[in-house]
Amino acid sequence: MKSALALKASLYLAIAAGHATLFISSDLPEWMTWPFMALLAVSWFVETPRRYAETSARVWNMATFILLLWVIVDNFILEGEFFLNLTGLLFFITLNKLFNRWKPKDSKQLLLFSLLALLAGSALVSSVLYAPCFLIFVPSSIVTLVLLHLQNEAGEDWRRRFEQEPAFEQMAALIDGAGVLSWRWLAGVMTLAGAVFAVTLLLFIAIPRVGMGLFQPKVRAGQSTTGFSDQVEIGAFGLIRNDPAVVMRAEIEGMRGSSLNNIYWRGQSFDHFDGRRWHSTDERLLALFMNANGVYPLERRKDLRGAKLTEIRIYQEPMDTRLLFGADRIMAVNTSQMSKTARMHFPQKKADGDILYGLLDGASRAYTVYSDLSEPDPDVLRAAGERYPRYIYRMYLQTPAFSPRMAELADQITAGKETAYDKARAIEQHLSTRFKYTTDLGTNGDESDLEFFLFNRKAGHCVYFSTAFVMLARLAGVPARNVNGFLGADWNELGQYYAVRKGYAHSWAEVFFPGEGWIRFEPTPSSALMWGGAMGNIFDAVRNTWNRWVLEFDLGTQFSIFKSLKMAFSGGGEPPAANGPFSGKRDLKQEARKWGVILAPALLMAAALFLIWRWHVSGPDRQQPRGAAQARGVRLYERFLDQLARKGVERQPGDTVESVLRAMERASLPPHALNDAAIITNVYQAARFSRRPPTRAEFERAETALARFARRPQ
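Being a predicted model, the structure only gives us computed values, none of them experimental.

A. Focus on the overall build of the chain. Secondary structure summary: the chain contains 22 helices and 19 strands in total. Counted over contacts in the chain with a minimum sequence separation of 6, partners at least 24 positions apart contribute 77%. Entry remark: accessible area of the chain is about 36,300 Å², with carbon and sulfur atoms responsible for 58%.

As structure tokens, then:
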């Protein structure tokens, strides 16, 4: 392996990885990134001729100085974009050094610029793509620094021998001639880089988080969800099943292993329809009170201790809403999993039952909901009667000014039905069996009208179906409302969770039954959900791990790790009580086992990498460092001369190694002594003068020969 090529490749890898973190931040314009990438590639093949080096450096430095003046003027006088200007200056300085790289210090400065870009990217990038950039930068920068150190050592040796300034080619020739570089050497350096990364990972876990995670909300770019909005318009819903991005991940108690297409993730309900748009008119907020287990029950009048509730742990991506989502008929919520800053807020319930939390800050949220997923008994709903509270009559029987045929259609569908439940089921069956689902809608204003959907097109997306159901139910005297959220979830085998995607945005209807509350009805015909695929699941699992354990890693998470580990190793603590939000505490031993599964492989890998590195450094064929080899060789030879003097052979001033060996022959020393002397002398000469220092095994062989030489009589 040629050292010059290895140094150049590792340096360019470090530069590309460091600056790539700025590219993936999406904050740089293409007119800046693409020229830099092109010039970076050109600089690999084009180097300024040596005779024009000074002129080239002078021109580049002058251009850099002019650019620096422009950055100062634009930032402080013209009020330009500070980040964009500094990034452009960093790119230009990097190109300056790339096209004028003649001395080792130039390569060191390029590494420094790449490190600055990497650090800047860490503050701007929340994407999991930062991880491969970091993993490439660490080993490539270590290889570059080691090669630069070898060049420096070779340069010192060249100056001692020839008393002149070494050039890159001369230093590379010295390194290549010594036979230091090999694939085994590169593997050792990479192993060292792996050990450094493992230690860095442990420090990342151990160092207390007293910055972002403690005093500020962890904010990442929010995402406006296709098909989900605080205001729903039937004519502007568009194509809603075409986005595979994940908006929520959920761990559902008792469910795993297969995707679900019948679980509804309730978000927001709407009570008022003006003929085109849905609105929520009751914005009153009701206080929720936390019980002893940190859980907020949503229904204070109900005793939920005996209820069969399903625990669902949710990790919600940043969204443009304050809503907390959960499987419909949510009975309680637990927000203790949120960061320390987020826990300064409290969940609130709107009068219509929607759950709100904190501020619209674009932050991700981790929480637990407890839902009643059991199917309601139709006989109980039929017997619920129609004695509705006054606010139900006032808010949930409203309709806009429809033509008479709307009321006629409602009467026709519900004819002969005596109870509210049977009327609702009749309307649901009519829409789901006689209409078709489609997202290919016309652009004409009349075509987006609800009556056009019911009497002409008879095809539409879920908002048309849910709106039509609610309006027909209200015209039939059944209080109903529109609900917006998500339908379905994909099972991610790698991450062991359910993924809810943007494309699963959905609208459905709810009907009120006295004593039972709001019950879901689904008037939309079944349609194929969009699955993420194997590669999408793998990427999402990696992204979820990155978000939760890197971007969202805070002081509270550290405390929970250490507490779980303490419980696991001490075996102490209270035995876990019965599961549930109202009857017991969390199983700390189970949490500790989970963390043990995560941390144990990391610790074992770090220990294995350390042992491999030690074996590589101290192996019998490992060459000793030049300075240490010279010192050890001199000490070995001086001890040999002392033993030789005791046998009557004195070294005279000015005698060379060959003169000493000839003196031993004249003294008629036995052949075995001459053989031991030759072994010691060869190692001494290699340590002092050879480009290839002796290995540890060669030194040990010489030490053994010296011991035999000292023991044997003359």
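B. Main features of helix 15 (residues 462-475). Helix length check: helix 15 (14 residues) gives 20 Å between terminal C-alpha atoms against 20 Å at 1.5 Å per residue, within 8%. Of all the 14 residues making up helix 15, 13 are buried; the element is thus mostly covered by neighbouring parts of the structure. Glycine 477 occupies a position one or two residues after helix 15 and carries a positive phi of about 85 degrees.

C. Layout of the packing of helix 2 (residues 30-45) against helix 4 (residues 82-99). It is at 10 Å that the axes of helix 2 and helix 4 come closest, and there the two elements cross at 10 degrees. What the angle tells us is that helix 2 and helix 4 run roughly parallel. Contacts between helix 2 and helix 4 involve Trp31, Met32, Phe36, Leu39, Leu40, Val42 and Ser43 from the first element and Leu84, Thr87, Gly88, Phe91, Thr94, Leu95, Leu98 and Phe99 from the second. Residue composition of the contact of helix 2 with helix 4, grouped by class: 11 nonpolar, 4 polar and no charged.

D. Summary view of the nonpolar core. Of all hydrophobic cores here, the largest spans 44 residues; its most connected members are Leu450, Leu454, Phe469 and Phe513. Breaking this core down by element, the ones donating at least two residues are helix 11 (390-395), helix 12 (404-414), helix 13 (420-434), helix 14 (450-457), helix 15, strand 18 (505-513) and strand 19 (517-521). If one sorts the elements of this core by residue count, helix 15 sits on top with 10 residues. Those residues in contact with leucine 450 that sit more than four places away from it in its chain are Ile234, Phe273, Phe402, Met406, Tyr464, Thr467, Ala468 and Met471. If you look at the next biggest cluster of nonpolar residues, it comprises 30 residues, including Tyr296, Ile314, Trp491 and Ala505.

E. Representation of the sheet that holds strand 1 (residues 232-233). Ordered in space as 1-5-4, the 3 strands form an open sheet in which the pairing is antiparallel. A strand with exactly one partner marks an edge of an open sheet, and here the two such strands are strand 1 and strand 4 (272-273). Of the strand pairs in this sheet, strand 4 and strand 5 (residues 277-279) are connected by 2 bridges, and their pairing is antiparallel. Within strand 5, the residue paired with histidine 272 across the bridge is histidine 279. On the sheet, helix 15 packs against strand 1, strand 4 and strand 5 and is oriented at approximately 70 degrees with respect to strand 5.

F. Looking closely at unusual backbone geometry. Unusually for a residue other than glycine, arginine 329 sits at a positive phi of about 65 degrees. Along the chain, arginine 329 turns up in the loop between strand 9 (326-327) and strand 10 (330-334). Since its relative accessible area comes to 22%, arginine 329 is described here as partly exposed. Positioned with a positive phi, lysine 458 is a non-glycine residue whose angle comes to about 55 degrees. By the secondary structure assignment, lysine 458 is in the loop between helix 14 and strand 15 (459-460). A relative accessible area of 41% means that lysine 458 is categorised as partly exposed.

G. Representation of helix 22 (residues 696-711) in the model. With 16 residues, helix 22 extends 23 Å from end C-alpha to end C-alpha; this agrees with the ideal 22 Å at 1.5 Å per step. Restricting attention to buried positions, one finds in helix 22 the residues Ala697, Phe699, Ala702, Ala705, Leu706 and Phe709.

H. Structural detail: the confidence of the model for the chain. Of the residues in the chain, 68% reach a pLDDT of 70 or more, and the chain-wide mean stands at 75. Contacts for the low-pLDDT stretch residues 210-227, under 50 throughout, to residues beyond four places or in other chains number 61 contacts. Contacts from residues 237-241, a stretch scored under 50 in pLDDT, to residues over four places away or in other chains number 24 contacts.

I. Just the packing of aromatic side chains, in detail. Evaluated as defined, the whole model comprises 25 aromatic pairs. The interplanar angle of 65 degrees and the centroid separation of 6.0 Å between the aromatic rings of phenylalanine 23 and phenylalanine 36 together place this pair among those described as edge-to-face. Taken together, the residues span a long stretch of sequence, with phenylalanine 23 in helix 1 (residues 3-23) and phenylalanine 36 in helix 2 at a distance of 13 residues. When its relative accessible area of 22% is taken as the criterion, phenylalanine 23 is described as partly exposed. The buried category is assigned to phenylalanine 36, whose relative accessible area is 3%.

J. Main features of the pattern of salt bridges. The tally for this structure, following the rule as stated, stands at 20 salt bridges. The salt bridge involving lysine 97 is made with aspartate 106; its shortest N-O contact spans 3.3 Å. On the basis of relative accessible area, lysine 97 is assigned to the partly exposed category, the value being 22%. Accessibility expressed as a relative area gives 6% for aspartate 106, which makes it buried. Linking glutamate 317 and arginine 249 is a salt bridge whose minimum nitrogen-to-oxygen distance equals 2.7 Å.

K. Region of the structure containing the pairing of strand 10. Of all 5 residues making up strand 10, 5 are buried, and the element is well covered by its neighbours. Examined bridge by bridge, strand 7 (residues 296-297) and strand 10 share 2 bridges and lie antiparallel to one another. Note that in strand 10 the partner of tyrosine 296 across the bridge is valine 333.

L. Local environment of the pairing of strand 2 (residues 246-252). Across the 7 residues that make up strand 2, a large majority, 6, are buried. Where strand 2 meets strand 17 (residues 497-501), 4 bridges bridge the pair, whose relative direction is antiparallel. Looking at strand 17, one finds that valine 246 is bridged to arginine 501. Where strand 2 and strand 8 (residues 310-316) come together, 5 bridges link them in antiparallel fashion.

M. Spotlight on the sheet that holds strand 12 (residues 355-357). Strand order in the open sheet made by the 3 strands is 6-11-12, with antiparallel pairing throughout. At either margin of the open sheet sits one strand with a lone partner, and together these are strand 6 (285-287) and strand 12. For this sheet, the mean angle separating the axes of adjacent strands, direction not counted, is 45 degrees.

N. Inspection of the environment of serine 374 at higher detail. In this fold, serine 374 is placed in the loop between strand 13 (365-371) and helix 10 (378-382). Within the local environment of serine 374, its side chain forms a polar contact with the side chain of aspartate 372, the two groups lying 2.6 Å apart.

O. A look at the environment of alanine 415. Residue position: alanine 415 is located in the loop between helix 12 and helix 13. A relative accessible area of 53% means that alanine 415 is categorised as exposed. Here the alpha-carbon distance between alanine 415 and alanine 426, two residues 11 residues apart in the chain, equals 9.2 Å.

P. Quick look at the side chain of aspartate 328. Here aspartate 328 is to be found in the loop between strand 9 and strand 10. In this view, aspartate 328 contacts Tyr264, Arg266, Ser371, Asp372, Leu373 and Arg520; residues no more than four positions away in its chain are not counted.

Parameters and conventions
Residues numbered from 1 in each chain as written. Predicted model: local features only at pLDDT ≥ 70, side-chain atom pairs only at ≥ 80, totals over all residues. Heavy atoms only, no water. Helix = DSSP H or I, 4+ residues; strand = E, 2+ residues; numbered from the N terminus. Contact = heavy atoms within 4.5 Å. Areas by Shrake-Rupley, 256 points an atom, 1.4 Å probe, with all protein chains shown as cover. Expected span 1.5 Å × (residues − 1). Buried < 20%, exposed > 50% of the residue type's maximum accessible area, 1.4 Å probe, protein only. Axes fitted to C-alpha atoms, helices over the stretch in contact; angles between N-to-C directions. Parallel < 35°, antiparallel > 145°, perpendicular 65-115°, else oblique. Nonpolar A, V, L, I, M, F, W, Y, C, P; charged D, E, K, R; others polar. Core = buried A, V, L, I, M, F, W, Y, C linked by side-chain atoms within 4.5 Å. Pairing = 2+ DSSP bridges. pLDDT = per-residue confidence, 0-100. Phe/Tyr/Trp six-rings, centres within 6.5 Å; stacked < 30°, edge-to-face > 60°. Salt bridge = Lys/Arg side-chain N within 4 Å of Asp/Glu carboxyl O. Polar contact = N/O pair within 3.5 Å; in protein donor to acceptor, adjacent residues only side chain to side chain.

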